[in-house]
Amino acid sequence: MAKVTLTNVTKRFGDVVAVNNASLEIKDKEFLILVGPSGCGKTTTLRMVAGLEEITEGTIEIGDTVVNDIPPKDRDIAMVFQNYALYPHMDVYNNMAFGLKLRKFPKEEIDRRVNEAAEILGIKNLLDRKPKQLSGGQRQRVALGRAIVREPKVFLMDEPLSNLDAKLRVQMRTELSKLHDRLQTTMIYVTHDQVEAMTMGDRIVVMRDGLIQQVDTPLNLYNNPANMFVAGFIGSPAMNFLDAKLVKEGETYYLEGNGDFKIAIPANKVEENPAIKEYVGKEVVFGIRPEDLEDASVVEKPVTADNSYMASVEVVEPMGSEIYLYLTVNEHSMIARVDAHSTAKVGDNVKLYVNTNNLHVFDAETELAII
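Residues numbered from 1 in each chain as written. Predicted model: local features only at pLDDT ≥ 70, side-chain atom pairs only at ≥ 80, totals over all residues. Heavy atoms only, no water.

Draft legend 1. Region of interest: unusual backbone geometry. Residue proline 237 is bonded to the preceding serine 236 through a cis peptide linkage, with omega at -5 degrees. With respect to the element layout, proline 237 can be found in the loop between helix H8 (228-233) and strand S11 (240-249). Phi at lysine 104 is positive, roughly 60 degrees, even though this residue is not glycine. Relative to the elements of secondary structure, lysine 104 occurs in the loop between helix H2 (92-102) and helix H3 (107-121). At aspartate 209, a position not held by glycine, the phi torsion is positive, near 50 degrees. Tracing the backbone through its elements, the reader meets aspartate 209 in the loop between strand S9 (203-208) and strand S10 (211-216). The exposure class of aspartate 209 is exposed, given its relative accessible area of 58%. (Helix = DSSP H or I, 4+ residues; strand = E, 2+ residues; numbered from the N terminus. Buried < 20%, exposed > 50% of the residue type's maximum accessible area, 1.4 Å probe, protein only.)

Draft legend 2. Focus on the environment of threonine 65. Note that threonine 65 resides in strand S5 (residues 65-66). What threonine 65 contacts, discounting residues up to four positions off in sequence, is Ile60 and Ile70. (Contact = heavy atoms within 4.5 Å.)

Draft legend 3. Layout of the side chain of arginine 146. Within the fold, arginine 146 resides in helix H4 (residues 136-148). There is no salt bridge for the buried arginine 146, and the closest opposite charge comes from aspartate 91, which lies 11 Å off by N-O distance. From its side chain, arginine 146 meets the backbone oxygen of tyrosine 84 in a polar contact 2.8 Å long. In terms of polar contacts, arginine 146 uses its side chain to reach the backbone carbonyl oxygen of alanine 85, at 2.8 Å. (Lys, Arg positive; Asp, Glu negative; His and termini not counted. Salt bridge = Lys/Arg side-chain N within 4 Å of Asp/Glu carboxyl O. Polar contact = N/O pair within 3.5 Å; in protein donor to acceptor, adjacent residues only side chain to side chain.)

Draft legend 4. Here's a closer look at the sheet that holds strand S4 (residues 57-62). Taken together, the 4 strands give an open sheet; going across it, the order is S2-S1-S4-S5, and neighbouring strands pair in antiparallel fashion. The open sheet has two free edges, formed respectively by strand S2 (16-26) and S5, since each of these has just one partner strand. Pairing analysis gives 7 bridges linking strand S1 (residues 4-13) to S2, with the strands arranged antiparallel. Residue valine 4 lies in a different strand from S2, and its bridge partner there is isoleucine 26. (Pairing = 2+ DSSP bridges.)

Draft legend 5. The arrangement of the sheet that holds S9 in detail. Strand order in the open sheet formed by 6 strands is S6-S7-S8-S3-S9-S10, and the pairing between neighbours is mixed. In this open sheet, the two edge strands, each paired with only one partner strand, are strand S6 (77-80) and S10. The average undirected angle you get between the axes of adjacent strands in this sheet is 15 degrees. Sheet topology places S6 next to strand S7 (residues 154-158); 4 bridges connect them, and they run parallel. (Axes fitted to C-alpha atoms, helices over the stretch in contact; angles between N-to-C directions.)

This is the structure we're talking about:
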């Protein structure tokens, strides 16, 4: 077990900067998730920790050792790849044992480690099968088993669940979280799936265009995004954004949108974020999550002109326990997750109740969070 520290790490491929001045400390035994859209630099970051990519600038430490010039095989890490990378001619036992055999481990020790890992992963009955005889989920477990038997300081996982079907992915997310609790090893996990990130990580690193945008716990990322990119990336469906102008009437601050809405900002929000006062008369971006919008006709809360606005329904998606309404407000598209009792239909103009306690406000130019 070991902490992993990245200090001002940059990776260039010619003129392309894949990772830009990334600094990050991954704690001992932490389950850290790197998340972001394709091409954001998350896999390159992981590969630099593994030693599969050379660092252009900066340092990487595993434990107290700078590993910049240490080859991958001597870094005491184990990597699980997206495509599993199993040897097709070997059975499961030998796939898992191969790395240990290369390192000349005693046969008894290899046997113990392989059987222990197979027990943990529930694949003891598959040890004599070849990879082509296994399902996707079983192959994934074998790839994990091959990493576990190494007993490394750090596990590195590059989108290991992306080839599985939806139901199996949910199951394997749970299995991986339980595995981390059991092994108590540092894990760095790359995914583009923010649901995966939210449900598994102790902390999440959100990346975009090679830059780290925010590092925090899943709940803090969700409730207090640093900027519009993080706000829109974390959460499913994504946060809604509406152009607005900040106005003040008496002691109350409002988000006003071209006559379509005039939402009051709660006084406690203003007190907690006094910087908002500097934006009076300026253009801002009003952010609200789909779950903080409700069909006013079925909500059991006081609906006023200060906490509601009208929207036109484009698509209705019944989801069983709730309904997704795809709407437009002044040519802005948005989504509301409303109660299943809503009777809204395509073409209706519905009044939406806004949970103003959870509203967000962003600087229109820098896209940084103000509230």
